[in-house]
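# Survey of secondary and tertiary structure
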Amino acid sequence: MKNLYILFALSVLVSMAVHGQYSRYIIELKDKRGTTFTLANPAAYLSAKTIERRTKQRISIDSSDLPLSAPYLDSIRLLPNVTILNSSKWLNQVCIATTDASALLKIRSFSFVKTAAPVAARIIANTSRQGFSKHEAVYSLATSPNNALNQSTNSINYGNSLNQILIHHGEYLHNQGFTGNAITIAILDAGFMGYQTNPAFDSVRLQNRILGEWDFVANERSVNEDNPHGMYCFSIFAANRPGSMVGSGPGAKFYLFRTEDAGSEYPVEEQNWAAAAERADSLGVEMISSSLGYSVFDDHFFDHSYAQKNGNTTIVTRAADFAAKKGIIVMNSAGNSGSNSNDLKFIECPADGDSVVAVGAVDVNGNIAAFSSWGPNSAGKIKPNIVSVGQGTTIAGLDGNPVSGNGTSFSNPNVAGLIACFWQAFPEFNNMQIIDAIQKSAHKYNSPDERFGFGIPDFKKAFAGLVAKMFKGSIRYENCAATINWTGKDNMNMRYYVERRSMPDTGFTRIGSINGKSQAFSLNSYSFTDTLKSITPNVVQYRLRQVLPEDTTVTLLDTTINTTGSCNTDSRFIVSPNPFTTSLRVTINVPEPISRLSIALYNMKGQRLYYYETAKGSGSFLHTIAVSHLPAGGYFVTLRDNKKMLFSSKLLK
């Protein structure tokens, strides 16, 4: 859209103002000269939490973070009949309200002004503030049936929300205590009607987890009296009424921002979105959730063509990508235009953004919703990125009781809340790494398409994936002992299995089990030594596996070592002579009986050439094997007590 705005001639701007067609404009500035802020002192314009997030993710403070030039803003503000509504430091532009043609002429004449273009019509008094969002698909407010299943294994009684959590294995995160309570989310929407008294939000209110609110449409503090659409989305995150409805991120903290005017559709709302995203960044939020989208406007001159949905063009998309660049996970509904034809069926902005997680809609059975918008974006990037439950989604009604709604507006917060819980578990990773892990867990990751994108995320799978990614380990062999040292993320409800396979075994034997050290899910270091004094093959394979909750097992290390020389220093088990010619003597010097002693001889291919089984009584044991018929070469002999390996040795003839 920016390129189209530049094409506006001054005479056209003046004509528009004179005829009262437009009253709000974007003034794009050439630079930030005169700003009193510096990159050396970001604390003057960014919160400590924001700076911490940037530092943690190794994101530099740059010129886009600097506030706009105060002298430039003063020059615009002091003009008669001009009101500054908001501004964007990322896009270096300011949004004004005026119907004064001479004021526009003056602004255009300023040397620091790059462009001046309209973004909205004259403000209409008493616009609808209570209707449903124009971005929403067919909407049902009929009370949803109580479909709660047996939830005895879950720490939360989800009630009607159960299936929209289970489709992602979201309960796997909640059961481990990850409810999003380390994550702050800014919700950008059309209003949050009645949230201050709605019983669905009792917990989030009582725990003071609503950190602030602002109405960027009316430039006022309260968002409680506006459109209910944002409240519905908020409930999918934060409702906490066990047995009735529980949200996907019930422990998170929130900022509530109204950026959308439900009574009209103009690009000024994209500018509002940008201003809110910058506010969210400066406050230190980790995530932005937006169930809004822009494509077709009341004045079709502003419509975004499919070609413009390339991830880098529109105001709102550029702002969303800036937010992602600052380390924020930006979640946005894909749109509800899937039933349309031609270019109108595609995702809306900012879902087209390169770094935006666009969320399509499915039902609880994983079937794509017909209304869910299509991808890809016009640059060919896979969109939507993922899908979640947006058809028949359980939301809280105005009275706090669960109702059912349809739309990607609802699929977005459902999965966004779980992403908050996931990021709480793995704060070591940055926003893009978290998104990558989630996409890789989705059911169509290896075959994405234009409806599902990468598909339905599986948070149990994603959890295991990052546990494996955090693992660091090594194995060292010396003095007839193999030592495995490793660092892994775990807690006391998890454990590690050390397993070994030596020739000629075909399977692994567990030789160690180590419980997690800490109560909290954190990084811990371990060491395990396996002494090979009774096992002397030249090849030993080790495997280290981590057992997570619900018997999810992750293989962390699978490696083979080559031993050198003989480690058989155990006089309890002797096989001689070595090298041999015509016979082998097997001597066992252990006093205790062995109920099922087996002796086996293998060639180097692992083929068993000899097998003998007996019950050994008390005292020593001697057994002789005739081997004169065997060709020259290498062999293995094994002694077992039932399935337990007692001794293994390499032999030569």
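Rules used throughout
Sequence order as written defines residue numbering, which begins from 1 separately in each chain. Selection of residues for local features in this predicted model requires a pLDDT of at least 70, selection of side-chain atom pairs for listing and counting requires 80 or more, and totals for whole chains, interfaces and linings are taken over all residues. Note that water and hydrogens are dropped before the side-chain values are worked out from all heavy atoms of the structure. Two aromatic rings, drawn from Phe, Tyr or Trp (for Trp, its six-membered ring), form a pair once their centres lie within 6.5 Å of each other, and the interplanar angle then sorts them: stacked below 30 degrees, edge-to-face above 60, tilted otherwise. Summary of the burial criterion: residues with accessible area below 20% of their type's maximum are buried, those above 50% are exposed, and those between are partly exposed, where the area comes from a 1.4 Å probe applied to protein chains only. Axis definition: a line fit to C-alpha positions, over the contact stretch in the case of helices; interaxial angles, taken between N-to-C directions, run 0 to 180 degrees. Here a helix means four or more residues in a row that DSSP labels H or I, a strand means two or more in a row labelled E, and each is numbered from the N terminus. Working rule for angles: under 35 degrees goes down as roughly parallel, over 145 as roughly antiparallel, 65 to 115 as roughly perpendicular, anything else as oblique. Working rule for contacts: check all heavy atoms of both residues, and any pair within 4.5 Å makes them a contact. Only Asp, Glu, Lys and Arg are considered charged, only Ala, Val, Leu, Ile, Met, Phe, Trp, Tyr, Cys and Pro nonpolar, and every remaining residue, Gly among them, polar. The directions from the helix axis to the C-beta atoms are what the arc is built from. We define a salt bridge as a contact between a side-chain nitrogen of Lys or Arg and a carboxyl oxygen of Asp or Glu at a distance within 4 Å. Paired strands are those between which DSSP finds at least two bridges.

This part covers the packing of aromatic side chains. Tallying each qualifying case throughout the model produces 30 aromatic pairs. Residues Phe 110 and Phe 112 carry aromatic rings whose centres are separated by 5.1 Å and whose planes lie at 20° to one another, so their mutual orientation is stacked. Summarising the burial analysis for this pair, Phe 110 and Phe 112 share the class buried. Their ring planes at 65° and their centres at 6.4 Å tell us that Tyr 195 and Phe 234 sit as a pair that is edge-to-face.

The geometry of helix α3 (residues 48-56) relative to helix α10 (residues 268-283) is characterised by a closest axis approach of 6 Å and an angle of 85° between their N-to-C directions. Considering their axes alone, α3 and α10 lie roughly perpendicular with respect to each other. On α10, the residues that touch Lys 49, Thr 50, Arg 53 and Arg 54 of α3 are Asp 281, Ser 282 and Leu 283. Residue classes in the contact of α3 with α10 are distributed as 1 nonpolar, 2 polar and 4 charged.

Helical geometry: 3.6 residues make up each α-helical turn, so side chains three or four residues apart lie on a common side. Within helix α4 (residues 70-77), the full set of buried residues consists of Tyr 72, Leu 73 and Ile 76. For α4, the angular spread of buried residues about the axis comes to 95°, placing them on one side.

Before going further, it helps to examine the pattern of salt bridges. Within the structure shown, the criterion is met by 22 salt bridges. Among the salt bridges present, the one from Glu 28 reaches Lys 114, with a minimum N-O distance of 3.8 Å. Here Lys 114 lies in strand β4 (residues 113-121) and Glu 28 lies in strand β1 (residues 22-29), a separation of 86 residues in the sequence. Classification of Lys 114 as partly exposed rests on a relative accessible area of 40%. Through salt bridges that share partners, Arg 53, Arg 54, Asp 62, Asp 65, Asp 281, Lys 325 and Lys 326 make up one connected network.

With that settled, the discussion passes to the pairing of strand β17 (residues 481-490). Where a strand is regular, its side chains alternate between the two sheet faces. Along β17, 8 of the 10 residues are buried, which leaves the element largely enclosed by surrounding structure. Pairing between strand β16 (residues 472-478) and β17: 7 bridges, direction antiparallel. Residue pairing in the sheet places Ile 475 in a bridge with Ile 484 of β17. The hairpin turn running from β16 into β17, its antiparallel successor, is 2 residues long, and Asn 479 in that turn takes a positive phi close to 55°. Bridge count between β17 and strand β20 (residues 522-531): 10 bridges; the pairing is antiparallel.

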